[in-house]
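One-letter residues, chain by chain:
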2 protein chains.
Amino acid sequence: MTGIAILGFGTVGSGVYNVIEKNHDHIMANTGLDLKVVRICDIKDIDGEPGKIATKDFEDLLKDPRVEIIVETMGGLHPAREFSEMALDAGKSVVTSNKELVADCGGVFLRKAKELGLNYMFEASVGGGIPVIRSIMNSLVGEDITSAKGILNGTTNYILTKMSEEGVEYKDALTEAQRLGYAEKDPTDDVEGIDACRKIAIIASLIYQKAVDPEDIYTEGISSLTKTDLEYASKLKATIKLLAKFRKTDEGVAMMVCPFVIKRGTPLYGVNGVYNAVTVNGTMMGEIMYYGKGAGMYPTASAVVADVIREAQHFGKDISPGWTADKMKLIDICEEVRFFLVRTGKEDEDLVKELFGDVKIVHLEDRPEEIGFFTPEYKEKDFMELYNRLSCPVKFIRGDIDADS
Amino acid sequence: MTGIAILGFGTVGSGVYNVIEKNHDHIMANTGLDLKVVRICDIKDIDGEPGKIATKDFEDLLKDPRVEIIVETMGGLHPAREFSEMALDAGKSVVTSNKELVADCGGVFLRKAKELGLNYMFEASVGGGIPVIRSIMNSLVGEDITSAKGILNGTTNYILTKMSEEGVEYKDALTEAQRLGYAEKDPTDDVEGIDACRKIAIIASLIYQKAVDPEDIYTEGISSLTKTDLEYASKLKATIKLLAKFRKTDEGVAMMVCPFVIKRGTPLYGVNGVYNAVTVNGTMMGEIMYYGKGAGMYPTASAVVADVIREAQHFGKDISPGWTADKMKLIDICEEVRFFLVRTGKEDEDLVKELFGDVKIVHLEDRPEEIGFFTPEYKEKDFMELYNRLSCPVKFIRGDIDADS
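Residues numbered from 1 in each chain as written. Chains lettered and ligands numbered in written order. Predicted model: local features only at pLDDT ≥ 70, side-chain atom pairs only at ≥ 80, totals over all residues.

Before going further, it helps to examine the overall build of chain A. The number of helices and strands found in chain A is 15 helices and 19 strands. Against the globule reference of 22 Å for 405 residues, chain A gives a C-alpha radius of gyration of 23 Å, in line with a compact fold. Along the longest, intermediate and shortest principal axes, the C-alpha atoms of chain A span 75 × 45 × 35 Å. Out of the 405 residues belonging to chain A, those deemed buried represent 52%. (Helix = DSSP H or I, 4+ residues; strand = E, 2+ residues; numbered from the N terminus. Rg over C-alpha atoms; globule rule 2.2 N^0.38 Å. Buried ≥ 20, exposed ≤ 12 C-beta atoms within 10 Å, placed from the backbone.)

Here it is in structure tokens:
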């Protein structure tokens, strides 16, 4: 038997309990592992069957010799940080879905676990059910990864999909997302791109094995997007998604999180609702993409259990990835080349042709005073110079260039 | 040093050589492995640096004690089968990209390798650069997989994309694919769905651990599709792709390979050109998708090298997946429920409403004598009854239902 303790019995924690119970025989048949949740720790009372193994004292998990793996699904920085440290010190490997903690001090825990002959695993902290971390560690380890980008936040993707498909405004889409439980009461972390930022920082850290402080990444959310922006995008055979991305250059790594225009016919265009996706580019393999439910009880729990299985199959063997304490060098995003969706006043029509060449200009029926268009590709700083010469610019949104084009 | 021999120095074989040479230091830094190609076997002469370690005698590879892993990239059933057997008997693990061989006797080789304490690995045999097999073995091992479907052949996807985007006929798109090296001179295996069929058989065998004979799978290619079919699909906000799929039921597994209508807004819709994609559904994780270049020198070579790295990291440990000699029970595809794209004569317009209800009917400008529409969802046999009552049916194409809907 492999004894597991769950720390934090909320949505993900109880999902992990259910997956292990429900798929026990299936996992046993496939892997020979007899997984069993032997303790659960939460500050609130727990009903039913799981209540029988519940405790409010975290020390009970540490003292229990049956517990080999502690699943940390409490979220937040404190006391998750202290508890994770205590778990490792007590000789228990830790599997977590806590992206805030992993983004903040994943590197520290990875090194600590290694020193102690344990593992610290966090597949579920990025992209819920999408096995992206596993893939980076295994399948892509021989690849020279040049860039990655992803739709890494299900809440914002749900909101943008709703705005695009149903023509509703941001505020109404957010309210609906909250009603359905896809957005929290205080949605700041999601809608301002902070959550996506943490996740891309984790991915980049794993790939380049250097620490990235999420606070150093240029981050813009979706709260200033309107349904009109999405209508322009649609008219130009495109849509708008919140992307988190990075690209390696000789000078450093360009990283950013912000809304991007994505053209129809590219794989990220079709990633809708609460789905997430990550594309990774390597010099040899070209572009690959992982797609799946980025959040939710069972997709996330499924990723946690996949880590638990892998750890149980490799006790005592160092299978964690790692990143050093060195800081990654980030470069200015203004050096990046891309196209832009521009909205400006109708009186600029001639000026637009003069500044940006023979671009295709579109009009929305209910906005006779305005025009919209995609620019050719520019470095951001060069584009800004042109944009600032428009007489009545409304706004611009960055455009995503497909890796292959 | 980990000594590798390459058997068959064609496109993929030379790609493997180049990836190992080019990424040597990168792989060493990431994994500590010092990979080296020490022998190459091919019946033709090899120029340059690789020529120095070339031989025409396969026995040289077996006798060389430095060779720990033999990469089989010769393709075809014979003598690849005999050589793979000899390699295992000589104590060398085998990594292959040969889907024909794996589909035919992968299970036999897996069991043989296990008995000998070796591994037989074939990530590159399905989907080129997409790490789908690795994922099934690792990340999805705790999941109850209910269905999978994929665009598994780059040649046909290139042809269909070209027909759809440029409005050319099948024959012209095929000629262009041949000119670009995406299709072989005899394209039968690709365009008739045989290649995709082998790949879905491998995936299903791995997931359900039972043998599937590709010949038992209902398989239809794309050679009878016309640009008119794609125009109807486009008019109905959809496209047509060659899908290979299976779905588990209580009675058995329904498997098939044939062209399917795919609606806009679903992830497979955006998989274009030579790209491949596979979606997998599990009871817990929901739907996930892998996307990437399904063929080509470097994507395939990259997948081979990922297997080589994994084997080198786990010598002596059984890391191969496995499937038994038991045959999988396949059920009749006529039991499956789906919608259909139907083309019929204009005079059937009233009859269509009578038979299929209030469906949306579309017309193509250059075909005044015809109408097209999507039916509601039916079991295939029930649909066929209705379809046969049309007075002048032209053709029908199956429609793909999204897993979640």
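So, on to the relation of the copies chain B and chain A. With an RMSD of 0.0 Å, the fit of chain B onto chain A corresponds to turning through 180 degrees and sliding 0.0 Å along the axis. Overall, the copies show the geometry of a two-fold rotation axis. Judged by C-alpha distance, Tyr290(B) is the residue of chain B that lies nearest the rotation axis, at 2.4 Å. The residues that chain B uses at the interface reappear at the interface of chain A in 100% of cases, marking a shared surface. (Least-squares fit on C-alpha atoms with pLDDT ≥ 70 in both. Contact = placed C-beta atoms within 7 Å.)

What follows concerns the domain arrangement of chain A. Residue and element names in this part refer to chain A. The domain architecture assigned to chain A consists of domain 1 (2–128 + 298–313), domain 2 (135–295) and domain 3 (336–399). Each of domain 2 and domain 3 has a C-alpha centre, and these two points are 24 Å apart. Counting from both sides, the interface comprises 13 residues of domain 2 and, opposite them, eleven residues of domain 3. Put simply, the parts of the chain that give the side of domain 2 that touches domain 3 at least two residues each are α12 (227–235) and β10 (253–263). With six residues, the single largest contributor to the side of domain 2 that touches domain 3 is α12. By residue class, the composition of the side of domain 2 that touches domain 3 is nine nonpolar, one polar and three charged. (Domains from an automatic or database assignment. Nonpolar A, V, L, I, M, F, W, Y, C, P; charged D, E, K, R; others polar.)

Residues and elements named next belong to chain B. Spatial ordering of the open sheet is given by β3-β2-β1-β4-β5-β6, a layout of six strands whose pairing is parallel. In the strand order of this sheet, the two ends are held by β3 (54–55) and β6 (120–121), each with one partner. Looking at chain direction, strand β1 (residues 2–7) and strand β4 (residues 67–72) are connected through five bridges and run parallel. Within β4, the position partnered with Ile 6 by the bridge is Val 71. (Pairing = 2+ DSSP bridges.)

Taken together, the contact between chain B and chain A spans 43 residues of the former and 43 residues of the latter. Listing elements by their share of the side of chain B that touches chain A, those giving two or more residues are α2 (24–31), α7 (132–137), β12 (286–293) and α13 (297–313) of chain B. Residues of the side of chain B that touches chain A, tallied by class, amount to 20 nonpolar, 17 polar and six charged.

With that settled, the discussion passes to the sheet that holds strand β4 (residues 67–72) of chain A. Residues and elements named next belong to chain A. In spatial order, the strands read β3-β2-β1-β4-β5-β6; together these six strands make up an open sheet with parallel pairing. Each edge of the open sheet is held by one strand with a lone partner, namely β3 (54–55) and β6 (120–121). Sitting on the sheet, helix α1 (residues 11–22) is in contact with β1 (2–7), β2 (35–41) and β4, with an inclination near 155 degrees to β1. (Axes fitted to C-alpha atoms, helices over the stretch in contact; angles between N-to-C directions.)

This paragraph deals with the pairing of β10(A). Residue and element names in this part refer to chain A. Buried residues dominate β10, accounting for eight of its eleven residues. Two elements, strand β8 (residues 218–219) and β10, share two bridges in a ladder whose sense is parallel. Across the sheet, residue Tyr 218 finds its bridge partner in β10, namely Met 256. Of the pairings in the sheet, the one linking strand β9 (residues 238–248) to β10 comprises eleven bridges and is antiparallel in character. Within the sheet, the bridge partner assigned to Leu 242 lies in β10 and is Pro 259. If you look at the hairpin formed by β9 and β10, you'll find four residues sitting between the two strands, and Gly 252 has a positive phi there, around 155 degrees. In this structure, β10 lies alongside strand β13 (residues 330–331), joined through two bridges in parallel fashion. Considered in β13, the bridge of Ala 254 is made with Ile 331.

Successive residues of a regular strand alternate their side chains across the two faces of the sheet. Residue and element names in this part refer to chain B. Taking burial as the measure, the five residues of strand β16 (residues 370–374) include four buried ones, the bulk of the element. Here five bridges tie strand β14 (residues 340–345) to β16, and the two strands are oriented antiparallel to one another. Bridging across to β16, Val 342 finds its partner in Phe 373. Where strand β15 (residues 361–362) meets β16, two bridges bridge the pair, whose relative direction is antiparallel. Note that in β16 the partner of Ile 361 across the bridge is Phe 373.

Take the packing of helix α6 (residues 99–115) of chain B against helix α11 (residues 194–208) of chain B next. All names here are of chain B. Contact geometry for α6 and α11: axes closest at 9 Å, N-to-C directions at 35 degrees. Crossing of α6 over α11 shows left-handed handedness. Contacts between α6 and α11 pair Lys 99, Glu 100, Val 102, Ala 103, Gly 106 and Gly 107 from the former with Arg 198, Lys 199, Ala 201, Ile 202 and Ser 205 from the latter. For the contact of α6 with α11, a count of residues per class yields four nonpolar, three polar and four charged. (Left-handed = near helix turned anticlockwise from the far one by under 90°.)

Here we take up the nonpolar core. Grouped burial of nonpolar side chains is what soluble globular proteins tend to show. Formed by 256 residues in total, the largest nonpolar core has its most connected members in Val71(A), Ile200(A), Val71(B) and Ile200(B). The residues touching Ile200(B), leaving out its near neighbours within four places in the chain, are Gly150(B), Leu152(B), Ala244(B), Lys245(B), Phe246(B), Met255(B) and Val257(B). (Core = buried A, V, L, I, M, F, W, Y, C linked by C-beta atoms within 7 Å.)

With that settled, the discussion passes to α11(B). The end-to-end C-alpha separation of α11(B) is 21 Å, in line with the 21 Å expected for 15 residues at 1.5 Å each. Just downstream of α11(B) lies Gln209(B), where phi reads positive at about 55 degrees. (Expected span 1.5 Å × (residues − 1).)

A word on the environment of Leu152(A). Residue and element names in this part refer to chain A. Summarising the element assignment, Leu 152 is placed in the loop between β7 (145–151) and α8 (154–166). A count of 31 C-beta atoms within 10 Å places Leu 152 in the buried class. C-alpha separation for the pair Leu 152 and Val 257, spaced 105 residues apart in sequence, amounts to 10.0 Å. Excluding anything up to four places from it in sequence, Leu 152 contacts Gly 127, Ala 196, Lys 199, Ile 200, Ala 244, Asn 276, Val 278 and Gly 294.

Glancing now at the environment of Asn138(B). With respect to the helices and strands, Asn138(B) occurs in the loop between α7 and β7 (145–151). Asn138(B) sits in the buried class, given 23 other C-beta atoms within 10 Å. Residues Asn138(B) and Leu160(B), 22 residues apart in the sequence, show an inter-C-alpha distance of 33 Å. When near neighbours in sequence (up to four residues on either side) are disregarded, Asn138(B) contacts Arg134(A), Asn138(A) and Arg310(A).

Right, let's talk about unusual backbone geometry for a bit. Residue and element names in this part refer to chain A. Of note, the bond from His 78 into Pro 79 is cis; its omega dihedral lies within 30 degrees of zero at 5 degrees. Checked against the element boundaries, Pro 79 lands in the loop between β4 and α5 (80–89). Despite not being glycine, Gln 209 has its phi angle at roughly 55 degrees, a positive value. Tracing the chain through its elements places Gln 209 in the loop between α11 (194–208) and β8.

With that settled, consider the confidence of the model for chain A. When pLDDT is averaged across chain A, the result is 92; 99% of the residues are at 70 or more. What the predictor reports for the complex is a pTM of 0.86 with an ipTM of 0.81. (pLDDT = per-residue confidence, 0-100.)

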